[in-house]
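Chains, contacts and geometry: an overview
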Amino acid sequence: MKKRNLIALTLIIINILAFSTPAEGSDALKRDLLEDILSLNKPDLFDDYGELSLAKAETQAVIQGMEGVEVTYTTKEWGTILLKIVDEFEQMATLSESQKPSDHKEALKKADTINTSINSLSRYATAERNGIPMLAERALKRFYRGEGKIFEDMATNTAETKVRVEYEYLSSASYGEGGMPSDASRMKFEARRDERKYKRDMESASEYINASRAHLANARNPPSGFFGTAFMAIMKARNSYENAEGLYQKHSDKELENVKGLEDEIKSVYQRLTLDTLKVIAIYLLILSFITVIIWIDFRRWGDELDDTRLGEELIV
């Protein structure tokens, strides 16, 4: 039993030694890490973000100044994080050069990932001591400031209020991450102001649409048989719809497309009621004309009889 336990313990120790990462460094590890850093050649990115070029140079200098035994897998870990940050920064910078708002939103997501990586990098004492995370953080803040201005310009040039509010909030958040609290507060104020106006007008527009539908229903099935009730109802339906339409157009809101069918229904009922009204008016006019003709004939006959009477009196005299 003791022999079996000893064999099992020996196998466990062998497995641990086989799969464990050696704590000591080596010249080979140093050489591999330096090769990775030296191969990091991104002139366009480094021209735009000089802080990253400095971070690379500082990392290279730190590792070159270390003895081979000092370059451990821990060193490789933080060096690899820096390489990852630079690669992700390049992807983010490419997205930020696009004219598409969706690409800029994607760039902000990349920035969040980079920020997480920078926080991870700062946990390594050697990297933190040499200011490498700080350099990457400065570059990221500058990116955020640029995106803040881009989203502010997008908001200014956007007619659709709903989208403009979204861009204003993104601008505020970007300015905040970029260390510009005054601009962040300004854009948040504008976003909240526009959002309040938009919500108020959309609530009013919704009420107008509901009223328009109710009036339309009354026009189709008037609550009373009084002549003109249906026509008055359809006029109210049209006025309510036009009020809602004006609010949707004011904000260039896409909801207008969803209620266009109501406008078509109102037009259809309005045209039908107009024709019905014209038919009724035509009948009234026809009746009135008929009565007028009868009265005119009676007056004509009475006039003729009066003339005959006068002529008879003249003959007698």
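Residues numbered from 1 in each chain as written. Predicted model: local features only at pLDDT ≥ 70, side-chain atom pairs only at ≥ 80, totals over all residues. Heavy atoms only, no water.

Time to look at the overall build of the protein chain. Scanning the protein chain from N- to C-terminus turns up 13 helices and zero strands. Overall, the protein chain shows an N-to-C arrangement of helices and strands of α-α-α-α-α-α-α-α-α-α-α-α-α. Classification of the 317 residues of the protein chain by burial places 35% in the buried group. Taking the contacts inside the protein chain whose residues are at least 6 apart along the sequence as the reference set, 70% of them involve residues at least 24 apart. Summing over all exposed atoms, the protein chain offers an accessible surface of approximately 19,900 Å²; the carbon and sulfur share of this is 56%. (Helix = DSSP H or I, 4+ residues; strand = E, 2+ residues; numbered from the N terminus. Buried < 20%, exposed > 50% of the residue type's maximum accessible area, 1.4 Å probe, protein only. Contact = heavy atoms within 4.5 Å. Areas by Shrake-Rupley, 256 points an atom, 1.4 Å probe, with all protein chains shown as cover.)

For the rest of this paragraph, the subject is a negative patch on the surface. Together, Asp44, Asp47, Asp48 and Glu97 line one region of the surface with negative charge. Mapped onto the secondary structure, aspartate 48 falls in helix H3 (residues 43–48). You can call aspartate 48 partly exposed: its relative accessible area is 43%. (Patch = residues over 30% accessible without salt bridge, like charges linked within 9 Å, V, L, I, M, F, W, Y side chains within 5 Å. Salt bridge = Lys/Arg side-chain N within 4 Å of Asp/Glu carboxyl O. Lys, Arg positive; Asp, Glu negative; His and termini not counted. Charge placed at Lys NZ, Arg CZ, Asp CG, Glu CD.)

All right, on to a positive patch on the surface then. Together, Lys188, Arg192, Arg196 and Lys197 give the surface a local cluster of positive charge. Along the chain, lysine 188 falls in helix H10 (residues 181–220).

Turning to its location among the elements, glutamate 255 is positioned in helix H12 (residues 255–258). In this structure glutamate 255 comes out as partly exposed when scored by relative accessible area, which is 32%. In this structure, the C-alpha to C-alpha distance between glutamate 255 and glutamate 245, residues 10 residues apart in sequence, is 9.6 Å.

Further remarks concern the packing of aromatic side chains. Scanning all chains against the criterion turns up four aromatic pairs. Relative to tyrosine 167, the ring of phenylalanine 151 lies with its centre 5.9 Å away and its plane at 45°, an arrangement referred to as tilted. Note that phenylalanine 151 is positioned in helix H8 (residues 132–156) and tyrosine 167 in helix H9 (residues 161–177), a separation of 16 residues in sequence. Taken as a pair, phenylalanine 151 and tyrosine 167 share a single burial class, namely buried. Geometry around tyrosine 270 places arginine 238 over its ring, the cationic atom sitting 4.6 Å from the centre. (Phe/Tyr/Trp six-rings, centres within 6.5 Å; stacked < 30°, edge-to-face > 60°. Lys NZ or Arg CZ within 6 Å of the ring centre and 35° of its normal.)

A few words on the packing of H8 against H9. Put simply, H8 and H9 touch, their axes get as near as 7 Å, and they point 160° apart. As judged from the angle between their axes, H8 and H9 are roughly antiparallel. Viewed along their axes, H8 and H9 form a crossing whose handedness is left-handed. Along the contact surface, H8 presents Lys141, Tyr144, Arg145, Glu147, Gly148, Lys149, Phe151, Glu152, Met154 and Ala155, while H9 presents Arg164, Tyr167, Glu168, Leu170, Ser171, Ser174, Tyr175 and Glu177. (Axes fitted to C-alpha atoms, helices over the stretch in contact; angles between N-to-C directions. Parallel < 35°, antiparallel > 145°, perpendicular 65-115°, else oblique. Left-handed = near helix turned anticlockwise from the far one by under 90°.)

This part is about the confidence of the model for the protein chain. One rule of thumb: low pLDDT means the predicted coordinates there are not for detailed reading. Overall, the prediction assigns the protein chain a mean pLDDT of 86, with 85% of residues at 70 or greater. Here helix H1 (residues 2–19) stands out as the element of the protein chain with the lowest mean pLDDT, 43, in contrast to H9, whose mean of 98 is the highest. (pLDDT = per-residue confidence, 0-100.)

Residues other than glycine seldom take positive phi values, yet serine 252 does so here, at roughly 50°. Residue position: serine 252 is located in the loop between helix H11 (229–250) and H12.

Another point: the packing of H9 against H10. It is at 8 Å that the axes of H9 and H10 come closest, and there the two elements cross at 160°. Between H9 and H10, the crossing angle belongs to the class labelled roughly antiparallel. Regarding H9 and H10, the two cross each other, and that crossing is left-handed. Across from Thr161, Lys162, Arg164, Val165, Glu168, Tyr169, Ser171, Ser172, Tyr175 and Gly176 in H9, the residues of H10 making contact are Asp183, Ala184, Arg186, Met187, Lys188, Glu190, Ala191, Arg192, Asp194, Glu195 and Tyr198.

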